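Overview (structure and organization)
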Amino acid sequence: MNAAVATSVLGVFMVLTVALGLLAARGPRKGRGTDGGGLAEWSVGGRSLGTVFIWVLMAGEGYTSFSYLGAAGWGYNYGAPVLYVVAYMSCGYALGYVVGPMLWAYARRHGLVGITDMVAHRFGRPWLGALVAVLATVFLLPYIQLQITGMGVVVSTISYGAISLDWAYFIAFAVTTGFVVVSGLRGSAWVSVLKDVLVIATLGFLVVYVPLHYFDGYGAFLDRLVTEKSEWLTFPGHGDSGLGQAWFITTSFLNSLTVVIFPTTVAGYLGAKNADVLRRNAMLLPAYNVLLFVPMLLGMAALFVVPGLVGAESNLALFKLVVDSLPAWVVGVVGVAAALSSIVPMAVFMLVIGTMWGRSVLSLVPRWERRQKGAAQSVVVAAGVIALVLTYTAPNTLVRLSLISYEGMAQLLPMVLLGLVWRRLTLAGALSGLVVGVGAVCGFVFTGNDPVWGVNAGVVALGANLLVALAVTCAGPRERDDRPDDEVLARDEIGVPEGAGVPEGADGPEGAGGPEGAGGPGKTGGPGETGASGEIPAPGAPASGVPASGEIPASG
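Rules used throughout
Residues numbered from 1 in each chain as written. Predicted model: local features only at pLDDT ≥ 70, side-chain atom pairs only at ≥ 80, totals over all residues. Heavy atoms only, no water. Helix = DSSP H or I, 4+ residues; strand = E, 2+ residues; numbered from the N terminus. Buried < 20%, exposed > 50% of the residue type's maximum accessible area, 1.4 Å probe, protein only. Areas by Shrake-Rupley, 256 points an atom, 1.4 Å probe, with all protein chains shown as cover. Salt bridge = Lys/Arg side-chain N within 4 Å of Asp/Glu carboxyl O. Expected span 1.5 Å × (residues − 1). Polar contact = N/O pair within 3.5 Å; in protein donor to acceptor, adjacent residues only side chain to side chain. Phe/Tyr/Trp six-rings, centres within 6.5 Å; stacked < 30°, edge-to-face > 60°. Patch = residues over 30% accessible without salt bridge, like charges linked within 9 Å, V, L, I, M, F, W, Y side chains within 5 Å.

Of regular secondary structure, the chain possesses 23 helices and zero strands. Residues classed as buried in the chain amount to 62% of the 556 residues present. With an accessible surface of roughly 18500 Å², the chain has 66% of that area assigned to carbon and sulfur atoms.

Counted by the stated rule, this structure contains eight salt bridges. Across the salt bridge formed by Arg-480 and Asp-482, the nearest N and O atoms sit 3.6 Å from each other. The same class applies to Arg-480 and to Asp-482, which are both exposed. Between Arg-491 and Asp-486 there is a salt bridge, and its shortest N-O distance comes to 3.3 Å.

Once that is clear, we can look at the environment of Ala-120. By secondary structure assignment, the location of Ala-120 is in helix H7 (residues 115–123). As for Ala-120 and Leu-131, which are separated by 11 residues in sequence, their C-alpha atoms are 9.5 Å apart.

Once that is clear, we can look at helix H22 (residues 457–475). With 19 residues, H22 extends 27 Å from end C-alpha to end C-alpha; this agrees with the ideal 27 Å at 1.5 Å per step. Residue Asn-456 occupies the N-cap position of H22, its side-chain oxygen lying 2.7 Å from the main-chain nitrogen of Gly-458.

Once that is clear, we can look at the packing of aromatic side chains. For any two aromatic rings, the description comes down to two numbers: the centre-to-centre distance and the angle of the planes. Summed over all chains, the structure comprises 18 aromatic pairs. An aromatic cluster is built from Trp-74, Tyr-78, Tyr-84, Tyr-88, Tyr-143, Trp-247, Phe-262, Phe-349 and Tyr-406, whose rings are joined through pairwise contacts.

This part takes up a nonpolar patch on the surface. Taken together, the side chains of Tyr-97, Val-98, Met-283 and Leu-284 present a nonpolar region at the surface, about 400 Å² in accessible area. With respect to the secondary-structure elements, Val-98 resides in helix H6 (residues 84–110).

On to the environment of Leu-291. The residue Leu-291 is located in the loop between helix H13 (275–284) and helix H14 (293–305) in this model. The exposure class of Leu-291 is buried, given its relative accessible area of 15%. Separated by 87 residues in the primary sequence, Leu-291 and Gly-204 place their C-alpha atoms 8.3 Å from one another.

Right, dumping it as structure tokens:
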């Protein structure tokens, strides 16, 4: 009976999710009169999303199934080191106050829809956009698989085992793929509203209910935590994790820089209708991080209620508190909030991969150039299928990739951010630094040396990347590029009215392409199956910074 009730609640909300996606896809044509069929509308919401939708969309990207599974599991296993998620996201939002409007203005001025477009336009090499698209896909694909796994675990758990993990994985894939193909970024923003309402309601309830039900209040709970589990409240946390203060500082620093150029974050930036929306959101988004404390705290509460969880079981610390003590319909609602926390970021990851390939890779093939949206949607399905197949057949294949995902994406920082503000940076310098940085990250991770010397290996790799890029640029000849600075470099266009600065026809093929020429054509397993220990890496806070032992990669 409990399984039937909880599963029915899940089914109703999944239908509502798809319905919202269909409604979002119809909305622009009816309400705004814009072209609902173009790549710009599908991939960046027609650049028309306001403060509320951008807020819930970008908050939704950061609050994933990791927030219910991995954050509670990290709190259960380690304690204090999990706070890096709150630290880097808050610092990243502060940096986004400056970087977000700058990237938005650059993309709008030149009709671009992602970082691959920006790199191709900046260096005047369409093939460079394709290269970055391939590299970014390698770093993003693990998160699709991890979200499928996370949602599968949630669905199977709240159904009291009535839905097997294999079917739960397929449900996660089918719902998300169909949803993103139909609705695009606008649909993700709409569903983020539903998700955020449920997340705030369920976590607000649990943060009051759990301490009262199991400990007779916060006083008794915190007293036991300080007295019996004080190791969890200081660095490096419980056990020999290696996650000390130096790791915490360097991981927070690296991730706060990287999150502002992460493709899924940039998709949120470019969906805004103006730069002021992004500035307002940079001030409002840190408030959402308060919610991250709840699963962390409840994970430590589970130490006393369900002791002895090891490996993948620790990911279910929060849900064991819920399933064992609440009515089935409440379990269903909590599970829906967690499931939607997988669907929204997974949809954005798939959307970004599809857009990068449709825009920067397949568009180089003449027969696909005028069908960028169709090509992008095909790639979305392909990416989802690959992640699903690997979830079934090789659940551990992407574990090491997930360890290097955020650290690897960080190696694009010189090429993207430095390149957009410093014209002297040459293509040879940027590429040389990228090769050295990615190579260093792979070397550290695949040899089990992350952290290295107690710090995040990605920071060391980024330092080498930057030094090589500067050395090659300064030692080599200046590149000849006759375009003016306004055509090549980015700037924050404060006070530019909506729609200003967009060249006629800048939307290109299907309403999204950029001007051809200088920049070329136009241009986010069940228990025991997510890693060597089965733990859930941090997709919303992409993975890095932990020894390659298969445990949760530590780095947002």
